[in-house]
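Observations on the model geometry
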Amino acid sequence: MGNSLVAYPTSRPVLRGVGSGNTPRLLNYASCERVFNPSLNGKPVVVLSNNDGSIIARSNEAKALGISMGQPYYQAKKTIDEHGVKVFSSNYELYGDMSNRMMTVLSSLAPESEIYSIDECFLGFSGFEESRLPDHAHLIRERTLKWTGIPVSIGLAPTKTLAKAVNKVAKKNEGIKLIRTSDEIDELLEKYPVEDLWGIGRKYNKRLQEMGIKTALQFKGLPEGWVKKHMAISGLRLQYELKGISCIPLEKVSATKKAICTSRSFGQYVSTYKEMEEVVANFAFKCAEKARKENTVARAVTIFIHTNGFNTTLPQYSNSRTMRLPVATADTAEILHYVRLALRSIYRPGYAYKKAGVMLTGLHTKDAVQMDLFDSVDRNRQSFLMETIDEVNQKMGKKGVFDPPVKFALQTHLAEQKNWPMQRKFLSPCYTTRWESVLKAS
DNA sequence: TCTGGGGTCCTAGGACCC
DNA sequence: TCTGGGGTCCTAGGACCC
């Protein structure tokens, strides 16, 4: 076969389905509304953000009227009224529900799948007979439409980045497109704007444009050293992916969240401490609730408050504060306590606040929480523990058991083996690599 | 008057440990 | 008392994603 698929064993065709239209997520929201109201088909539709502040979703027809994504509602209102554009407030529950249904259908039709966002997923076809893929893609498309009412487009390619790119082309054509050979890849990349690549944002694009790099193919040809220097390891990965070398693996099991955030822009300014305290308490409550739902606990909580950055005539102030929680927790009262302390330290009176938020970080699962600290073991037992640790340290040399949490973890582990009573404490996930090597040595 | 709400990953630098 | 190397953790900030 002599193409890149064979040359790199990790490469495999990846299929990606998204909502039809221009910007995937946005259109999906509009598509969702259409599923329940077919009379909207062919008509311009927009979906608004929280507070109905700005436009976060447009149908193709709305886009054709020049309504842009993220545009404030009031700016687009004239066009909207003139053309009878249908306007919806966002209904995230509905979209989440539709998304689940779509994902269920999609993942049932492929050997491997990764849900990437509310309206996108990667499907892996390792072991699948390649000649059957195009037909299979058609089947996927038909079924999703029939069973959920949502149109998807599909791009097939050796890497996730390429699949995403070719999907965009598919969307504008027949809805399905496959590329395999390096010639086909280059043909796609030559016409593909570099700024549309997955991983190229505003800043990188600006820099690349200044250098005269306009197409994805030109980017692919840049020296690796330059890419590594200016765009870090993620840039290099992107470049490899364009060469057909898969660097971003399919994540089959969804990872537990590493941060949980609740934030809002306010419909009306908040300008008293009392009001702000109520608001952030509410956010803290929601965050704690989300964390418990994920069966996870947080090691720290951050709050932030901002005035309205768009209104330059008002005095500006924004600040944030992170509080470490003494014990990792998802307990509302505990988190609330520290959120209040944090707010007290950063709140300044005399400002009109427009936005605030609470974020839980250092999340890890409750089950992993475990281990450590021996409670009231007697002296003999303690010296047994110390000696064992010394032995491990000798075995491991400089990579020995030096950090207290790892020490505690080892003590607990040893005590467990001997059925000794012990007190529970935390082993933070950042110690796990180290802990694994210690386990091996012991 | 009116401008979204979530997340992720990477890097550099300082504190701290043995 | 002075000194260095190897290592970890944490934080802030910047970039990106949908």
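First, a word on what this report is: a plain description of the structure on this page. (Residues numbered from 1 in each chain as written. Chains lettered and ligands numbered in written order. Predicted model: local features only at pLDDT ≥ 70, side-chain atom pairs only at ≥ 80, totals over all residues. Heavy atoms only, no water.)

With respect to the overall build of chain A
- Looking only at helices and strands, chain A has 17 helices and 13 strands in total.
- Among the 442 residues that make up chain A, the fraction classed as buried is 43%.
- Long-range pairs, those at least 24 residues apart, make up 65% of the contacts in chain A between residues at least 6 apart in sequence. (Helix = DSSP H or I, 4+ residues; strand = E, 2+ residues; numbered from the N terminus. Buried < 20%, exposed > 50% of the residue type's maximum accessible area, 1.4 Å probe, protein only. Contact = heavy atoms within 4.5 Å.)

So, the sheet that holds strand 3 (residues 55-58)
- Spatial ordering of the open sheet is given by 3-2-4, a layout of three strands whose pairing is mixed. Here the strands that pair on one side only, and so sit at the sheet edges, are strand 3 and strand 4 (86-89). Between one strand axis and the next, the sheet turns through 25° on average, direction left out of account.
- The sheet contact formed by strand 2 (residues 45-48) and strand 4 spans four bridges and is parallel. Residue pairing in the sheet places Val46 in a bridge with Val87 of strand 4. (Pairing = 2+ DSSP bridges. Axes fitted to C-alpha atoms, helices over the stretch in contact; angles between N-to-C directions.)

Describing the environment of Val227
- Structurally, Val227 can be placed in helix 11 (residues 224-242).
- Separated by 58 residues in sequence, Val227 and Val169 have C-alpha atoms that sit 26 Å apart.
- The residues contacting Val227, other than those within four sequence positions of it, are Phe219, Leu222, Ala232, Gly235, Leu236 and Gln239.

Comments concerning helix 4 (residues 73-83)
- Where helix 4 is concerned, the buried positions are Tyr73, Ala76 and Ile80. All buried residues of helix 4 project into a common sector of 75° when viewed along the axis, lining one side. Of the exposed residues in helix 4, those oriented more than 90 degrees away from the buried face are Tyr74, Lys78 and Glu82.
- At its buried positions, helix 4 is contacted by strand 2, strand 3 and strand 4. (Arc of directions from axis to C-beta.)

Points about the packing of helix 9 (residues 202-210) against helix 11
- At a minimum axis separation of 11 Å, helix 9 and helix 11 run at an interaxial angle of 140°. Put simply, helix 9 runs oblique to helix 11. Crossing of helix 9 over helix 11 shows right-handed handedness. On the side of helix 9, the interface is formed by Tyr204, Arg207 and Leu208, while helix 11 contributes Trp226, His230 and Met231.
- Looking at the contact of helix 9 with helix 11, its residues break down into four nonpolar, one polar and one charged. (Parallel < 35°, antiparallel > 145°, perpendicular 65-115°, else oblique. Left-handed = near helix turned anticlockwise from the far one by under 90°. Nonpolar A, V, L, I, M, F, W, Y, C, P; charged D, E, K, R; others polar.)

Looking at the pairing of strand 3
- With three bridges connecting them, strand 2 and strand 3 associate as antiparallel partners. Residue pairing across strands places Leu48 opposite Ile55, the latter belonging to strand 3.
- Connecting the antiparallel pair strand 2 and strand 3 is a turn made up of six residues, with Asn51 showing a positive phi of about 65°.

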